[in-house]
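Letter by letter, the chains look like this.
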Amino acid sequence: MKSNSFIDKEAQCRFIFDQNGPYWHIATPGNLTEVLFTSPDEYRFGVSLAAICAMESGMKVYAFEIMSNHLHEIAGAPSPDICIHNLQLYSRRLKRWAAKRGRHLVLPENFVCDPLPIENLQSLRNSIVYSHRNNYVIDSSQTPFSYPWGSGILYFGPDVNALRSTKFSDLSYNEQRHITCSRRLSLSSSITVRNGCISPESFCDWKTGRAFFRDAHQYLNMLTKNYEANAEFSALLGDTVILTDEEMYSAAYSLARQQYNAPSPAQLPDQLKQDLARKLHFDFRAGNNQLRRILKMNPSVLEAMFPTPR
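J.: Explain the overall build of the protein chain to me, using residue names and the numbers behind them.
T.: From N to C terminus, the protein chain includes 13 helices and 7 strands. The C-alpha atoms of the protein chain give a radius of gyration of 21 Å, which matches the 19 Å a tight globule of 310 residues would have. On the principal axes, the C-alpha backbone points of the protein chain span a range of 70 × 60 × 35 Å. Taken across its 310 residues, the protein chain has 49% of its residues classed as buried. For the protein chain, long-range pairs separated by at least 24 residues make up 70% of all intrachain contacts whose partners lie at least 6 apart in sequence. Put simply, the protein chain shows about 15,400 Å² of open surface, and 50% of that area lies on carbon and sulfur atoms. Of the side-chain charges in the protein chain, 33 are positive and 30 negative, and the distance between the mean point of each set is 4 Å.

And the structure:
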């Protein structure tokens, strides 16, 4: 009989963590990369290319997110060299695909970046959640469960088995070429197609990925309330936008009570409000507009504190 206790669930997660790996967080430099994908068809290719490169490099994907100018992958591989080879394949084919469309795509030298090792179970959970939040924090019309260019839909969302897909091998030659933007590729018989691209559930090991979390409650709690971990990852990866206004306000409210014994950030005196603004800016990567909205500060004061790059 399966136990539902916290201790037993956590022990099962740690067992699965120990049985797999090593684990890596791949994050290409979005702050240095030009826009890669602008239309649904281009995003579809980005997803299909992630699947093809993972299969050809032998890298296991537990979670991923394709953004307009970068990608995140939470991967499993015996060595970082496999992850680097995966990015080399992605980079070369991405440039070739762009060239066929008349675009001269210039990628920064560190687009093929060093993967970050994930040393423990909690860091792995944080990495998966951070990846799935990427689009959510900059686009209020999307949730991690609705964003189509990542694996968020596979994590405690709709029934994955109910998603309609077609076997890649059942497609015509021209249909296969349209999806892969290449000549015929020999892909695993398990690969399926959904929404015009290789379906995430057919190449992403989402079952193991979900098993790193005790249950849906833990995952959802981390997805919506773990702003400290998201701030830490953002600083580590060089991302610029990490928290929604609501989440940034929660962080500000908590800091105002804990460090200044104030009922709310807006009631702080000017000097302490500026101290709080510095902490939110440097530790939580809050921008000037967010600080203005949350702390009700004068824009000219914020500009003097944190000059906008020209």
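J.: Mind laying out the sheet that holds strand β3 (residues 71-76), listing which residues take part and the relevant values?
T.: Across the sheet, which stays open at both edges, the 4 strands sit in the order β2-β3-β1-β4 with antiparallel pairing between neighbours. Edge strands, defined here as strands with exactly one partner in the open sheet, are β2 (60-66) and β4 (116-118). Averaged over all pairs of adjacent strands, the angle between their axes in this sheet comes to 20 degrees, without regard to strand direction. Sheet topology places β2 next to β3; 6 bridges connect them, and they run antiparallel. If you follow I66 over to β3, its bridge partner there is L71.

J.: Residue-level account of the pattern of salt bridges, with values.
T.: Considering all chains together, one arrives at 9 salt bridges under this definition. Here D215 and K9 are joined by a salt bridge, their closest N and O atoms 3.0 Å apart. Highlighted residues: D215 in the loop between α7 (206-211) and α8 (216-225) and K9 in helix α1 (residues 6-19), separated in sequence by 206 residues. Overall, K9 belongs to the partly exposed group, its relative accessible area being 23%. Between R125 and E10 there is a salt bridge whose closest N-O contact spans 3.0 Å. With R125 in helix α4 (residues 121-133) and E10 in helix α1, the pair connects residues that are 115 residues apart, well separated along the chain. An identical accessibility class is assigned to R125 and E10; each is buried. The network of salt bridges with shared partners includes E10, R14, R125 and R214.

J.: Could you give me a rundown of a positive patch on the surface, with the residues and numbers involved?
T.: Together, R92, R96, K100, R101, R177 and R183 make up a positively charged patch on the protein surface. The greatest single-element share of the positive patch, amounting to 3 residues, is contributed by helix α3 (residues 80-100). Secondary-structure assignment places R101 in the loop between α3 and β4.

J.: So, helix α12 (residues 288-295): which residues are in play, and what are the values?
T.: Of all the positions in α12, only N288, Q290, L291, I294 and L295 are classed as buried. What you see down the axis of α12 is that its buried residues fit within an arc of 160 degrees, all on one side. K296 occupies a position one or two residues after α12 and carries a positive phi of about 55 degrees.

J.: Describe in detail the side chain of S202, supporting the description with residues and values.
T.: Topologically, S202 is positioned in helix α6 (residues 200-203). With a relative accessible area of 17%, S202 lands in the buried category. Looking at S202, its side chain comes within polar contact range of the main-chain nitrogen of T192, at 3.3 Å. Setting aside chain neighbours within four positions, we find S202 in contact with S190, I191 and T192.

J.: Pulling in residues and values, what's your account of the state of the cysteines?
T.: Applying the stated criterion across every chain, the model contains 0 disulfides. We note that C197 lacks a disulfide partner, and the nearest cysteine sulfur, in C181, lies 11 Å from it. Given a relative accessible area of 3%, C197 falls into the buried group.

J.: Can you break down the sheet that holds strand β5 (residues 166-167) residue by residue, with the values?
T.: The 3 strands are arranged β5-β6-β7 in an open sheet whose pairing can be described as antiparallel. Looking along the sheet, the strands with just one partner apiece sit at the ends: β5 and β7 (197-198). As defined by bridge partners, strand β6 (residues 192-194) adjoins β7 across 2 bridges and the pair is classed as antiparallel. Bridging across to β7, R194 finds its partner in C197.

Criteria and thresholds
Note that residues are indexed from 1 along each chain, following the sequence as it is written. With pLDDT at 70 or above as the cut-off, local features in this predicted model cover only qualifying residues; side-chain atom pairs require 80 or more to be listed or tallied, and sums for whole chains, interfaces and linings still use all residues. Hydrogens are left out, water is left out, and the side-chain values use all remaining heavy atoms of the structure. Helix numbers and strand numbers start at the N terminus; a helix is a DSSP run of H or I with at least 4 residues, a strand a run of E with at least 2. Every radius of gyration here is taken over C-alpha atoms, with the globule rule written as 2.2 Å times N^0.38, N being the number of residues. When accessible area is computed with a 1.4 Å probe and restricted to protein chains, residues below 20% of their type maximum are described as buried, those above 50% as exposed, and intermediate ones as partly exposed. Any two residues whose heavy atoms approach within 4.5 Å at even a single point are treated as in contact. The protein chains shown are the only cover counted for residues, whose accessible areas, like all others here, come from Shrake-Rupley with a 1.4 Å probe. Only four residue types enter the charge count, namely Lys and Arg as positive and Asp and Glu as negative; His and the chain termini do not. Charged side chains are reduced to one point each, which is NZ for Lys, CZ for Arg, CG for Asp and CD for Glu. When DSSP finds at least two bridges between two strands, those strands are taken to pair. As a rule, the C-alpha atoms of each element are fitted with a line to give its axis, helices using only the stretch in contact, and angles between N-to-C directions run from 0 to 180 degrees. Salt-bridge detection follows one rule: a side-chain nitrogen of Lys or Arg within 4 Å of a carboxyl oxygen of Asp or Glu. Residues enter patches when their relative accessible area tops 30% and they take part in no salt bridge; the joining distance is 9 Å for like charges and 5 Å for the nonpolar side chains Val, Leu, Ile, Met, Phe, Trp and Tyr. Taking the helix axis as origin, the arc is that swept by the directions to the C-beta atoms. Counted as a polar contact is a pair of N or O atoms within 3.5 Å, where, for protein atoms, one must be capable of donating a hydrogen and the other of accepting one, and residues adjacent in sequence contribute only when both atoms are in side chains. The term disulfide is used for any two cysteine sulfur atoms that are within 2.5 Å.

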